[in-house]
Amino acid sequence: MNFTQQNISDVRNDMSKYVIRTPVLRFDFIDSLCGCNVFFKCENFQHTGSFKYRAAINAIKNIPSQFKNRGVITHSSGNFAHALSKASKELNIPCHIVMPINTPKFKKSAVQYYTNDIIECEPNLKSRELTTSKILNEKKLYFIHPSNNMDVILGNSTCALELIEDYQNLDYVFSPIGGGGLIAGTSIAIKNFTHNCKIIGAEPSNVDDAYRSLISGKIETNITTDTVADGLRTNLGTINFPIIQQHVKEILLVSEKEIIESLNIILNNLKLVVEPSSSVVLAALIKNKSKFKNKNIGLIMCGGNIDFDNWEAYEGILSAQILDQLRIQRSYPLNLKELDRRSQPFISLMKFISEFGLVALLYINFPQIVHNCVLTISLMHVIDSKVTCKKGR
């Protein structure tokens, strides 16, 4: 499959008013730790807290016209369900979501905010697909796969495009791999808009189907989904795998211990709220830092959706300091959903941050992003590393 700069630019321009141009952050602490220049593309600040919103809005905008009244359907237990439900509501298109019965309450609640058409199924892929197929045929809906869909992949490509527009001299871009939609989109953007930048995949050793697929030349599957990086438990698809084969230089594997250690570094030292799937790329860089010495490295933080109502689930994973901060955060009676950067509540919040000597990792080109940053604000009791932020355009 061949794509041009014009293809990708058209997608970006078409969806620009719907997505947030997320910040690229740098930390002296990380540069020193890794021995290279590291650029964090923070999709945890995107609408719905992950890059998936880019995929969802582009896919929704490109469905065939006959389905705009009937609606769309997908199966997802997490970020894509949230993203597609919001994107559908944004464009007034009915949306049906098939979710496993054991989906965490906070994920289901996020989807219910935008649609009541949630259908539960048994927690396995066969049940997801059968349930989706049944509803699809009954209601004559349009199916959008979370990762194995060309409009999804092209929507994802806009994340890497923004990164390389802000920093043109990157040597490598690291992307996490789950279903393959993000790294496929990243590959398309990097190969069309740079000359020498290479794409590196990062994957948990416990779910290493992409790593094995790249070696064998065919799509491999996982026997187990036992990884803390729950967003990376899915398998590659027939659409994204050929793109990965063509463009991805290497896939690096990391252990569960390495993922957790990197997650603690990001939360504790950088004061960024990201999910374990995001920390996989930093874990891969730290583990292989000798290979990337003095290079310019882009890391895609794919999302920041953690269940803070259930912090007990993170006992033994996150540090005691982080867990204490999460408990403090839950006690803050802040409602920032409607907060505007020009409003008195926002000004008061900024004064509070300033008076207590805190550094706000707020990307305030858009008022909506303030709500996404509330967890980051609450974690920032002490900042011991220099932070720079490349503002979007």
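Anything mentioned here points back to the structure above.
The structure displayed is predicted, hence computed values, not measured ones.

## A few points about the nonpolar core
- Counting residues in hydrophobic clusters, the biggest one holds 60 residues, and the most contacted among them are Val-72, Leu-84, Ile-144 and Leu-170.
- Elements supplying a minimum of two residues to this core: helix H1 (5–15), helix H3 (52–61), helix H4 (79–90), strand S4 (95–100), helix H7 (150–166), helix H8 (181–193), helix H10 (240–247) and strand S9 (248–254).
- When residues in this core are grouped by element, the largest group, nine residues, is from H7.
- Residues Tyr-172, Ile-259, Ile-260 and Met-301 belong to the second largest nonpolar core, which totals 37 residues.

## Here we look at the sheet that holds strand S5 (residues 118–121)
- Spatial ordering of the open sheet is given by S5-S4-S3-S6, a layout of four strands whose pairing is parallel. The two strands at the open ends of the sheet, each matched to only one other strand, are S5 and strand S6 (142–143).
- Pairing between strand S3 (residues 72–75) and S6: two bridges, direction parallel. Of the residues in S6, the one forming a bridge with Val-72 is Tyr-142.
- Sitting on the sheet, helix H6 (residues 125–139) is in contact with S3, S4, S5 and S6, with an inclination near 170° to S3.

## A few points about a positive patch on the surface
- A contiguous patch of positive charge, built from Lys-191, Lys-198, Lys-249 and Lys-295, is present on the exposed surface.
- Locating Lys-198 in the fold gives a position in strand S8 (residues 198–204).

## Observations regarding the packing of helix H11 (residues 256–268) against helix H12 (residues 276–287)
- The N-to-C vectors of H11 and H12 enclose an angle of 105°; their axes lie 8 Å apart at closest approach. Between H11 and H12, the angle falls in the class roughly perpendicular. For the pair formed by H11 and H12, the contact residues are Glu-258, Ile-259, Ser-262, Leu-263, Ile-265 and Ile-266 on the first element and Pro-276, Ser-279, Val-280, Leu-282, Ala-283, Ile-286 and Lys-287 on the second.
- Tallied by class, the residues present in the contact of H11 with H12 amount to nine nonpolar, two polar and two charged.

## Quick look at the packing of aromatic side chains
- Scanning the model with the defined rule gives six aromatic pairs in all.
- Relative to Tyr-167, the ring of Phe-39 has its centre 4.5 Å away and its plane inclined at 50°; by these criteria the two rings are tilted. Of this pair, Phe-39 sits in strand S2 (residues 37–42) while Tyr-167 sits in the loop between H7 and strand S7 (172–176), placing them 128 residues apart in sequence. Of the two residues, Phe-39 and Tyr-167, neither departs from the other in class, the shared state being buried.
- Taking the centre distance of 5.2 Å and the plane angle of 50° together, the rings of Phe-67 and Tyr-142 count as tilted.

Each value, and the rule that gives it
Residues numbered from 1 in each chain as written. Predicted model: local features only at pLDDT ≥ 70, side-chain atom pairs only at ≥ 80, totals over all residues. Heavy atoms only, no water. Core = buried A, V, L, I, M, F, W, Y, C linked by side-chain atoms within 4.5 Å. Buried < 20%, exposed > 50% of the residue type's maximum accessible area, 1.4 Å probe, protein only. Helix = DSSP H or I, 4+ residues; strand = E, 2+ residues; numbered from the N terminus. Pairing = 2+ DSSP bridges. Contact = heavy atoms within 4.5 Å. Axes fitted to C-alpha atoms, helices over the stretch in contact; angles between N-to-C directions. Patch = residues over 30% accessible without salt bridge, like charges linked within 9 Å, V, L, I, M, F, W, Y side chains within 5 Å. Areas by Shrake-Rupley, 256 points an atom, 1.4 Å probe, with all protein chains shown as cover. Salt bridge = Lys/Arg side-chain N within 4 Å of Asp/Glu carboxyl O. Lys, Arg positive; Asp, Glu negative; His and termini not counted. Charge placed at Lys NZ, Arg CZ, Asp CG, Glu CD. Parallel < 35°, antiparallel > 145°, perpendicular 65-115°, else oblique. Nonpolar A, V, L, I, M, F, W, Y, C, P; charged D, E, K, R; others polar. Phe/Tyr/Trp six-rings, centres within 6.5 Å; stacked < 30°, edge-to-face > 60°.

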